[in-house]
Amino acid sequence: MKKVFALVLALMLVLGAVAVAEEQLYISVISKGEQHAFWQTVRTGCEDAAADYGVEMYYYGPPSESDIQLQVEALNSELVKEPDALCLAALSTESVLTQLEECAANGIPVVGFDSGVPDAPEGSIVATASTNNQNAAALAAEEMLKLEGFADALAAGTPEAPVVVAVLSQDATSESVTGRTTGFVNKMYELASEYNTVAVQGHDLWAKEAEGAGVIIHVEIAATPEVTDVTNASNAILNLDGLYAVFCSNEGAVTGFLAATSGGNDLADGGLYGDLIVAGFDAGAPQKEAVRNGWFVGSVTQDPYRIGYLAVELAVKAANGEEVADVDTGAQWYTAENIDDPEIAMLVYD
């Protein structure tokens, strides 16, 4: 009798273990790449979320962001496994339309992350974890206003001698760059209006006329994203009367601006533009050097760790039948003082 009881108990334990194993969620994560430090940090966030939520996760990124077919093949291989949810940063939306239809037919929720799946069929993506570029760029305006003397300088501007805060962007078509331009312009306009009358000039998309403006937000858009054209746009900004501060909206803008200032050396104390306040967006070796050297007061970086973590978190919730919605993965302001802090260092990728 005891042997029978022991066998029954052992069988129950085995069946219980099988049931637990069957209940563990399986999440597939297909990214745009893995070779770049940005994506490596995204992967770390994904892995930490998978561990925290006790799910099994598979992560794949192709060797480069031009390897569309490799990404599609990896996606197809994962769908054969019937994952409980899928996280996808598509290299080409057109290349994954069939797979999105398959996910919908099989009840597999799809979460976009980073740039997600632009222009995906309505309802095919349950939520996206990505940077809100307007909010991120607004952070730069807020940090500038915290600088000693910045608000006083804005207040001192007059219609005859207005203070100029310039925005340099490499184009007016990219969704991310345009969002950053808008975010900075709108927040700086809001903040500067507390101290003076503000006008926005330089580009029709953002223009706001104001009679007697003592502060001008000047938007300069390069003719093309090529370095030469961005450098020319930078020189146009540097020739503005009353120029006080500049915000470079992405790595391309930073590259052009540094080229126009002798690699940034003209921004050093005692340099030709040593008194100019400059802030950037993104990271990259030249921009990090500019921050470390104090040529830039700081820069905004996306948070790839939270992009990965929140993508998997959304996938787990969606797989469990919870309602999910898009989330802003946030951004961080880094300076010469905090760039080497562990929580910032992993975000300022080359």
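All values derive from a computational prediction rather than experimental measurement.

A. Representation of the overall build of the chain. Along its length, the chain carries 12 helices and 13 strands. The principal-axis extents of the C-alpha atoms in the chain amount to approximately 100 × 40 × 35 Å. Taking the intrachain contacts of the chain between residues at least 6 apart in sequence as the baseline, contacts between residues at least 24 apart amount to 68%. Counting every atom, the chain has about 16,100 Å² of accessible surface; 50% of that belongs to carbon and sulfur. Between the mean site of the 13 positive side-chain charges and the mean site of the 52 negative ones, the chain shows a separation of 13 Å.

B. Just the pairing of strand 10 (residues 277–281), in detail. Of all 5 residues in strand 10, 5 are buried; the element is thus mostly enclosed. Alternating residues of strand 10 divide into Ile 277, Ala 279 and Phe 281 and Val 278 and Gly 280, and every residue in both groups is buried. Bridge analysis of strand 9 (residues 243–248) against strand 10 gives 3 bridges, and the strand direction is parallel. Residue Val 246 lies in a different strand from strand 10, and its bridge partner there is Val 278. Assessed by its sense of winding, the connection that carries the chain from strand 9 through helix 9 (residues 251–260) to strand 10 is right-handed. In terms of strand pairing, strand 10 meets strand 11 (residues 298–302) through 3 bridges, oriented parallel. Looking at the pairing, Gly 280 lines up with Ser 299 of strand 11. A crossover connection joins strand 10 to the parallel strand 11 through helix 10 (residues 285–292); in handedness this β-α-β unit is right-handed.

C. Looking closely at the pattern of salt bridges. This model, assessed by the stated rule, comprises 8 salt bridges. Two residues, Lys 187 and Glu 190, come together in a salt bridge whose shortest N-O distance is 3.2 Å. Of this pair, Lys 187 and Glu 190 both sit in helix 7 (residues 175–192), 3 residues apart, which is roughly one turn of that helix. Residue Lys 187 is classed as buried on the basis of its relative accessible area of 17%.

D. Main features of the sheet that holds strand 13 (residues 331–334). Reading across from one edge, 7-8-6-9-10-11-13 is the order of the 7 strands in this open sheet, with mixed pairing throughout. Edge positions in the sheet fall to strand 7 (198–201) and strand 13, since each has one partner strand and no second. In this sheet, adjacent strand axes meet at a mean angle of 15° when their direction is disregarded. Two elements, strand 6 (residues 163–169) and strand 8 (residues 215–221), share 7 bridges in a ladder whose sense is parallel. Counted as the bridge partner of Ser 169 is Ile 221 from strand 8.

E. Spotlight on unusual backbone geometry. Of note in this structure, Glu 82 is not a glycine but carries a positive phi near 55°. By the element assignment, Glu 82 lies in the loop between helix 3 (68–80) and strand 3 (85–88). Despite not being glycine, Ser 262 has its phi angle at roughly 55°, a positive value. Here Ser 262 is to be found in the loop between helix 9 and strand 10.

F. Looking closely at the packing of aromatic side chains. Under the definition given, this model contains 5 aromatic pairs. Ring geometry for Phe 184 and Phe 247: centres 4.5 Å apart, planes at 15°, overall stacked. With Phe 184 in helix 7 and Phe 247 in strand 9, this pair connects stretches of sequence that are 63 residues apart. Given the relative accessible area of 0%, Phe 184 is considered buried. Residue classification places Phe 247 among the buried positions, given a relative accessible area of 0%.

G. Summary view of the confidence of the model for the chain. Looking at the chain as a whole, its pLDDT mean stands at 93, while 94% of the residues score no less than 70. Below a pLDDT of 50 lies the segment residues 4–21, which in the model reaches 0 contacts outside its immediate sequence neighbourhood of four places, other chains included.

H. Highlighting the state of the cysteines. If you walk through the whole model with that rule in mind, you get 0 disulfides. There is no disulfide at Cys 46, and the cysteine sulfur nearest it, in Cys 87, is 6.3 Å away. Judged by relative accessible area, Cys 87 falls into the buried class, the value being 0%.

I. Up close: the side chain of Asp 266. With respect to the helices and strands, the residue Asp 266 is situated in the loop between helix 9 and strand 10. An unpaired buried charge is present at Asp 266: no salt bridge exists, and Arg 292, the closest side chain of opposite charge, is 21 Å distant. A distance of 3.0 Å separates a polar atom in the side chain of Asp 266 from a polar atom in the side chain of Ser 262. Sequence-distant contacts of Asp 266, that is, excluding residues within four places in its chain, are made with Ala 260, Thr 261, Gly 271, Leu 272, Tyr 273 and Gly 274.

J. Quick look at helix 8 (residues 227–238). Spanning 12 residues, helix 8 covers 16 Å between terminal C-alpha atoms, matching the ideal 16 Å at 1.5 Å per step. All of the buried residues along helix 8 are Val 230, Thr 231, Ala 233, Ser 234, Ile 237 and Leu 238. The buried residues of helix 8 occupy one face: seen down the axis, they fall within an arc of 160°.

The rules we used
- Residues numbered from 1 in each chain as written.
- Predicted model: local features only at pLDDT ≥ 70, side-chain atom pairs only at ≥ 80, totals over all residues.
- Heavy atoms only, no water.
- Helix = DSSP H or I, 4+ residues; strand = E, 2+ residues; numbered from the N terminus.
- Contact = heavy atoms within 4.5 Å.
- Areas by Shrake-Rupley, 256 points an atom, 1.4 Å probe, with all protein chains shown as cover.
- Lys, Arg positive; Asp, Glu negative; His and termini not counted.
- Charge placed at Lys NZ, Arg CZ, Asp CG, Glu CD.
- Buried < 20%, exposed > 50% of the residue type's maximum accessible area, 1.4 Å probe, protein only.
- Pairing = 2+ DSSP bridges.
- Right-handed = clockwise from strand over helix to strand, strands pointing away.
- Salt bridge = Lys/Arg side-chain N within 4 Å of Asp/Glu carboxyl O.
- Axes fitted to C-alpha atoms, helices over the stretch in contact; angles between N-to-C directions.
- Phe/Tyr/Trp six-rings, centres within 6.5 Å; stacked < 30°, edge-to-face > 60°.
- pLDDT = per-residue confidence, 0-100.
- Disulfide = S-S within 2.5 Å.
- Polar contact = N/O pair within 3.5 Å; in protein donor to acceptor, adjacent residues only side chain to side chain.
- Expected span 1.5 Å × (residues − 1).
- Arc of directions from axis to C-beta.

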